[in-house]
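# Reading the structure
Each chain is listed here by its residues.
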Amino acid sequence: MAKKKLNSLEDLGGFVFSTNDDFELHTETVEETLAPNEQQLEAHFSNKGRGGKIVTVVKGFVGNEDDLKALAKLLKVKCGVGGSVKDNEIIIQGNYRDKIIQILQKEGYQVKRVGG
């Protein structure tokens, strides 16, 4: 019987092995969300890696995932489109960059338009 190939540490069952006597397992710390006026967000236009579909990507959010998801939901509702949160970025379906910039500025965020 052939051995199963291990592709990641998760394939080991979630165990972490260390030969370091002073090793301490670091737990995830909850990142505190900055106030909207302290955020430096960037609004990007993209169609790469999405089968030619156009999306607006908001990058640079500093804070916890729940607040990021809440902001994404606000943008999706105000634009009336779908979207998601992935890799600490908000992805909104369609080219709504200018509208998203206006919405974010109205909410008190500092937003920079990036790209063509």
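Two elements in contact, helix α1 (residues 65-79) and helix α2 (residues 97-106), have axes whose closest approach is 11 Å; the angle formed by their N-to-C orientations is 125 degrees. Regarding the angle of α1 to α2, the classification is oblique. Like other packed secondary-structure pairs, α1 and α2 cross with a definite hand, here right-handed. Between α1 and α2, the contacting residues are Leu71, Leu74, Leu75, Lys78 and Cys79 on the first element and Lys99, Ile100, Ile103 and Leu104 on the second. Tallied by class, the residues present in the contact of α1 with α2 amount to seven nonpolar, no polar and two charged.

This part is about the pattern of salt bridges. Here the structure, examined in full by the defined rule, presents three salt bridges. When the shortest N-O distance is used, the salt bridge between Lys59 and Glu89 registers 3.9 Å. Taken together, the positions of Lys59 in strand β2 (residues 55-59) and Glu89 in strand β4 (residues 89-93) put the pair 30 residues apart, joining distant regions of the chain. Using a relative accessible area of 22% as the deciding quantity, one classes Glu89 as partly exposed. Here Asp98 and Arg113 are joined by a salt bridge, their closest N and O atoms 3.3 Å apart. Within this pair, whereas Asp98 is found in helix α2, its partner Arg113 is found in strand β5 (residues 110-114), the two being separated by 15 residues in sequence. Given the relative accessible area of 44%, Asp98 is considered partly exposed. Arg113 gets classed as partly exposed once you look at its relative accessible area, which sits at 45%.

What follows is about the sheet that holds β5. The strands that make up a sheet are held in pairs by hydrogen bonds between backbone atoms, and each pair lies either parallel or antiparallel. Overall, mixed pairing links the five strands, which are arranged β3-β4-β2-β1-β5 in an open sheet. Two strands close off the open sheet at either side, each with one partner strand: β3 (83-86) and β5. On average, each strand axis in the sheet is inclined to that of its neighbour by 20 degrees, with strand direction left out of account. Relative to β5, strand β1 (residues 40-46) runs parallel, the two sharing five bridges. For Ala43, the partnering residue across the bridge sits in β5 and is Arg113. Here α1 sits on the sheet and contacts β1, β2, β3 and β4; the angle it forms with β4, its principal contact strand, is near 20 degrees. Docked against the sheet, α2 engages β1, β2, β4 and β5, running at close to 165 degrees with respect to β5.

Moving on, we come to unusual backbone geometry. Even without being glycine, Asp87 reaches a positive phi, approximately 50 degrees. Locating Asp87 in the fold gives a position in the loop between β3 and β4. If you check the backbone angles, Asn88 has positive phi at about 60 degrees while not being a glycine. As for its placement among the helices and strands, Asn88 is situated in the loop between β3 and β4.

Next up on the list: the pairing of β4. It is a general feature of regular strands that their side chains alternate between the two faces of the sheet. Bridge count for β2 against β4 is four bridges, and the pairing is antiparallel. Following the sheet pairing, Val58 is matched in β4 by Ile90. In this structure, β3 lies alongside β4, joined through four bridges in antiparallel fashion. Opposite Gly83, over in β4, you have Ile92 as the bridge partner. In sequence, β3 turns back onto β4 through a hairpin of two residues, with Asp87 there showing a positive phi of about 50 degrees.

Conventions used here
Residues numbered from 1 in each chain as written. Predicted model: local features only at pLDDT ≥ 70, side-chain atom pairs only at ≥ 80, totals over all residues. Heavy atoms only, no water. Axes fitted to C-alpha atoms, helices over the stretch in contact; angles between N-to-C directions. Helix = DSSP H or I, 4+ residues; strand = E, 2+ residues; numbered from the N terminus. Parallel < 35°, antiparallel > 145°, perpendicular 65-115°, else oblique. Left-handed = near helix turned anticlockwise from the far one by under 90°. Contact = heavy atoms within 4.5 Å. Nonpolar A, V, L, I, M, F, W, Y, C, P; charged D, E, K, R; others polar. Salt bridge = Lys/Arg side-chain N within 4 Å of Asp/Glu carboxyl O. Buried < 20%, exposed > 50% of the residue type's maximum accessible area, 1.4 Å probe, protein only. Pairing = 2+ DSSP bridges.

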